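Understanding the architecture of this molecule
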Amino acid sequence: MIGSRGKEETGVMRALFSFLVLAALSASACASVSHEVSVEAVCAPGARGREFVSYRLVQPSPVRQNHAEHAGALQHVRTALSGRGLFEAPPGILPDLVIEVDCGQGATRGKLFTRMVPVRADSLNNPFVISEPMTMVVVTQRVYVSPKFLLLTARAGDSTQELWRVWTSLTDESVELEPALPVLAAAAMNVIGHDTGGITQLRLKPRDVDILFIEAGMKVARR
């Protein structure tokens, strides 16, 4: 599904980018919570194995998100598509693909979260415990989360036929959509033009090389 033009160059660039990122991360170990992303990719049988090299991005009508969030989503999608060897068609040129980009955020809801927390034994007001350094206690708390999603729908540039669709979603405590967009685009990048056979779960670390690749594209665009 990825384009043949620039395919080798893109592969070399991503490989080099991955090497530099991994080298930098090896110098400092950081433990953070992973992103749990739901992913579903669907590809029409007639689109499998076809080569596409150019695209144009469009927004859904009506647009469900504000302009700034949608602009950020578009840039992250451009980076993800470049990682698949695709380039944005110049104005006036019929693209191979017209890709609709939609994103949004669901209603915030409460969720009970239970975990084991280490505490000093003497903090439990037990006068008989003197030397015991730590003990584990169960803590249950209510957190408020909201789902975020990114949806890419591609059709042939000269028809209304849908060729492939990728949906990614995550639920976290952030009240903003924007921080989730690089993660959602990174999750979508490697399943574009494929078929997952249903919804699958993907775990990405915050400093995952694909997320850093997407974030780097935004930094370049802002220069």
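This text follows the structure it describes.
Going along each chain's sequence as written, the residues are numbered from 1 onward. The predicted nature of this model means local features are confined to residues of pLDDT at least 70 and side-chain atom pairs, given and counted, to a pLDDT of 80 or more, with totals for whole chains, interfaces and linings taken over all residues. Think of the side-chain values as coming from all heavy atoms in the structure, minus any hydrogens and water.

1. Considering the pattern of salt bridges
As a reminder of what qualifies: For this document, the term salt bridge refers to a Lys or Arg side-chain nitrogen within 4 Å of an Asp or Glu carboxyl oxygen. Where helices and strands are cited, they refer to DSSP runs of H or I of at least four residues and of E of at least two residues respectively, numbered from the N terminus. Categorising residues by exposure relies on relative accessible area from a 1.4 Å probe, with only protein chains included: less than 20% of the type maximum marks a residue as buried, more than 50% marks it as exposed, and the intermediate range marks it as partly exposed.
For the structure on display, the rule yields 6 salt bridges. The partner of glutamate 88 in a salt bridge is arginine 78, and the shortest N-O contact between them spans 2.9 Å. Of the two residues, glutamate 88 is situated in strand β3 (residues 87-88) and arginine 78 in helix α2 (residues 67-82); the sequence distance between them amounts to 10 residues. For the salt bridge of arginine 222 with glutamate 178, the shortest nitrogen-to-oxygen distance reads 3.8 Å. Taken together, the residues arginine 222 in helix α4 (residues 209-222) and glutamate 178 in the loop between β7 (162-172) and α3 (181-189) connect sequence positions 44 residues apart. By relative accessible area, arginine 222 is classed as exposed at 60%.

2. Regarding the layout of surface pockets
Keep this limit in mind: Cavities and pockets were defined on a 1 Å grid built from protein atoms only: a cavity is a group of points that admits a 1.4 Å probe but offers it no way out, a pocket is an open group of points flanked by protein on both sides within 12 Å along at least five of seven lines, and a lining residue is one with an atom within 4 Å of any such point. Grid points are joined across faces, edges and corners, and a volume is the space filled by probe spheres set on the points. For this classification, Asp, Glu, Lys and Arg are treated as charged, while Ala, Val, Leu, Ile, Met, Phe, Trp, Tyr, Cys and Pro are nonpolar and the rest, including Gly, are polar.
The space that makes up the largest pocket amounts to roughly 590 Å³. If you trace the largest pocket, you find 19 residues lining it, with Val33, Ser34, Thr171, Asp172 and Glu173 closest to the centre. Of all elements in the fold, only β1 (35-43), β5 (109-119), β6 (135-156), β7 and β8 (200-204) reach the threshold of two or more residues within the lining of the largest pocket. Here the residues of the lining of the largest pocket are counted per class, giving 5 nonpolar, 7 polar and 7 charged.

3. Some points on the environment of leucine 74
Formally: Throughout, a contact is declared for two residues whenever any of their heavy atoms are within 4.5 Å.
With respect to the helices, strands and loops of the structure, leucine 74 is situated in helix α2. Residue class for leucine 74 comes out buried when judged on its relative accessible area of 16%. Along the primary structure leucine 74 and alanine 185 are separated by 111 residues, whereas in three dimensions their C-alpha atoms are 9.7 Å apart. Not counting residues within four places of it along the chain, the set of residues in contact with leucine 74 comprises Leu57 and Val101.

4. Let's talk about the nonpolar core
Using the following cut-off: For this analysis, a nonpolar core means a set of buried residues of the types Ala, Val, Leu, Ile, Met, Phe, Trp, Tyr and Cys, connected via side-chain atoms within 4.5 Å.
Ile99, Val101, Leu150, Leu152 and Trp164 are the most contacted members of the largest nonpolar core, which has 43 residues in total. Only β1, β2 (54-58), α2, β4 (97-105), β6, β7, α3 and α4 provide two or more residues apiece to this core. In terms of residues, this core owes the most to one element, α3, which gives 8 residues. What leucine 152 contacts, discounting residues up to four positions off in sequence, is Val77, Ile99, Glu100, Val101, Trp164, Arg165, Val166, Ala188 and Ile192.

5. A look at α2
Threshold: Here, expected helix span is obtained from the residue count minus one, scaled by 1.5 Å.
A rise of 1.5 Å per residue sets the reference length of α2, with its 16 residues, at 22 Å; its end C-alpha atoms lie 23 Å apart and thus fit the reference within 8%. Among the residues making up α2, those that are buried are Glu69, His70, Gly72, Ala73, Leu74, Gln75, His76, Val77, Thr79, Ala80 and Leu81. Tucked into the core, α2 has its buried residues touching β2, β4, β6, α3 and α4.

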